[in-house]
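In case you want the letters, here they are:
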Amino acid sequence: MKKLLLILSLIAPLTLMAEDRANREWRSHEIRVGYGDPLYETMVWHDSPTYFTLEQTFDYHYTGHIFAEYHYRQNDWFSYGGMIDYQQVWWMHEMPGDNEPIFSTRYFFDISLMPTIRFTFFWHEWVNLYCGLGAGMLINSGSETDYRGRTTAVAPVLNLSLLGLSIGRDMFFGTFELGGMFSLTNGKEIYMVGSRLFSVSIGVRL
């Protein structure tokens, strides 16, 4: 009896997924826009005291990660497409002057472009669970210069969607993702390490 219950408990989710696939209208194209947290950026770029230097940075602002993604659903468990992600940080910079401090606005932004793939491992009528991967190119630019004296640099970028939750029955849906973005070339050029840990989006299937 216990073995029978165990077998039924394993078969039931697969049966539900099969019924959903049979009854659900197939929509191959998916477009979504979303927002990811700037937690990594707030930990790295923040107000600096003047204990050891006459210069000071303060009043930081963060856009967070604003992204858009398109996917083509190849079948009920695999889709592929592309994503663009944008984020910016800006702040005030104070330097000592002859008579009074000199203030200026500093900033940088990151644009990430990458192809992405997604694997849906649970599909129900209203809820999908998935994971995904993206890899591409990051463009970093702004008022700051790196140790090579460049104001614009290009680096590889990786986006991991460790666990995604999609809620929506047919045309419109929303998502919540846990993952991270990583971009670095060596120990002196680190742009993101676990950035965009949490993200939400809304989308449409066509």
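Since we're looking at a predicted model, the values are computed, not measured. In this numbering scheme, every chain counts its residues from 1 along its sequence in written order. Only residues with pLDDT of 70 or above have their local features reported here, since the model is predicted, and side-chain atom pairs are shown and tallied only from 80 upward, although totals for entire chains, interfaces and linings are computed over all residues. Only hydrogens and water are set aside when side-chain values are computed; all heavy atoms of the structure are taken into account.

On the secondary structure map, Tyr 191 appears in strand 9 (residues 189-195). Classification of residues uses two cut-offs on accessible area relative to the type maximum, computed with a 1.4 Å probe and protein chains only: under 20% is buried, over 50% is exposed, and between them is partly exposed. On the basis of relative accessibility, which here comes to 11%, the residue Tyr 191 falls in the buried class. Any pair of residues with heavy atoms lying within 4.5 Å of one another is described as a contacting pair. Apart from residues lying up to four places away in sequence, Tyr 191 is in contact with Tyr 40, Trp 45, Leu 138, Asn 140, Arg 150, Ala 153, Ala 155 and Ser 183. Numbering of helices and strands runs from the N terminus, with a helix taken as a DSSP run of H or I at least four residues long and a strand as a DSSP run of E at least two residues long.

Now for a nonpolar patch on the surface. The grouping of Tyr 35, Ile 66, Phe 121, Leu 162, Leu 163, Leu 165, Ile 167, Phe 176, Leu 178, Phe 198 and Val 200 at the surface amounts to a nonpolar patch, some 990 Å² of accessible area in total. Of all the elements, strand 7 (residues 152-167) adds the most residues to the nonpolar patch, at 4 residues. Locating Val 200 in the fold gives a position in strand 10 (residues 198-205). Put simply, a patch holds well-exposed residues, over 30% relative accessible area, that have no salt bridge, with like charges counted together within 9 Å and Val, Leu, Ile, Met, Phe, Trp or Tyr side chains within 5 Å. Accessible surface area values rest on a Shrake-Rupley calculation with a 1.4 Å probe, where residue burial reflects the displayed protein chains alone. Counted as salt bridges are all cases of a side-chain nitrogen of Lys or Arg within 4 Å of a carboxyl oxygen of Asp or Glu.

Let us look at the side chain of Arg 27. Mapped onto the elements of the fold, Arg 27 is located in the loop between helix 1 (2-23) and strand 1 (29-36). Residue Arg 27 is classed as buried on the basis of its relative accessible area, which comes to 19%. Side chain to side chain, Arg 27 and Asp 170 meet in a polar contact 2.9 Å long. The residues contacting Arg 27, other than those within four sequence positions of it, are Arg 73, Asp 170, Met 171, Arg 205 and Leu 206. Think of a polar contact as two N or O atoms within 3.5 Å of one another; within protein, one of them needs to be a possible hydrogen donor and the other a possible acceptor, and neighboring residues in sequence only count if both atoms come from side chains.

Moving on, we come to the packing of aromatic side chains. The rule is short: rings of Phe, Tyr and Trp, with Trp giving its six-membered ring, pair when the centres are within 6.5 Å, and they are stacked under 30 degrees, edge-to-face over 60, tilted in between. Under the criterion given, the structure shown has 13 aromatic pairs. Taking the centre distance of 6.2 Å and the plane angle of 90° together, the rings of Phe 58 and Phe 103 count as edge-to-face. Taken as a pair, Phe 58 in strand 2 (residues 56-62) and Phe 103 in strand 5 (residues 102-123) lie far apart in primary sequence, 45 residues in all. Given a relative accessible area of 46%, Phe 103 falls into the partly exposed group. A centroid spacing of 6.3 Å and a plane angle of 25° characterise the contact between Phe 176 and Phe 198, whose relative ring orientation is stacked. Of the two residues, Phe 176 sits in strand 8 (residues 172-186) while Phe 198 sits in strand 10, which places them 22 residues apart along the sequence.

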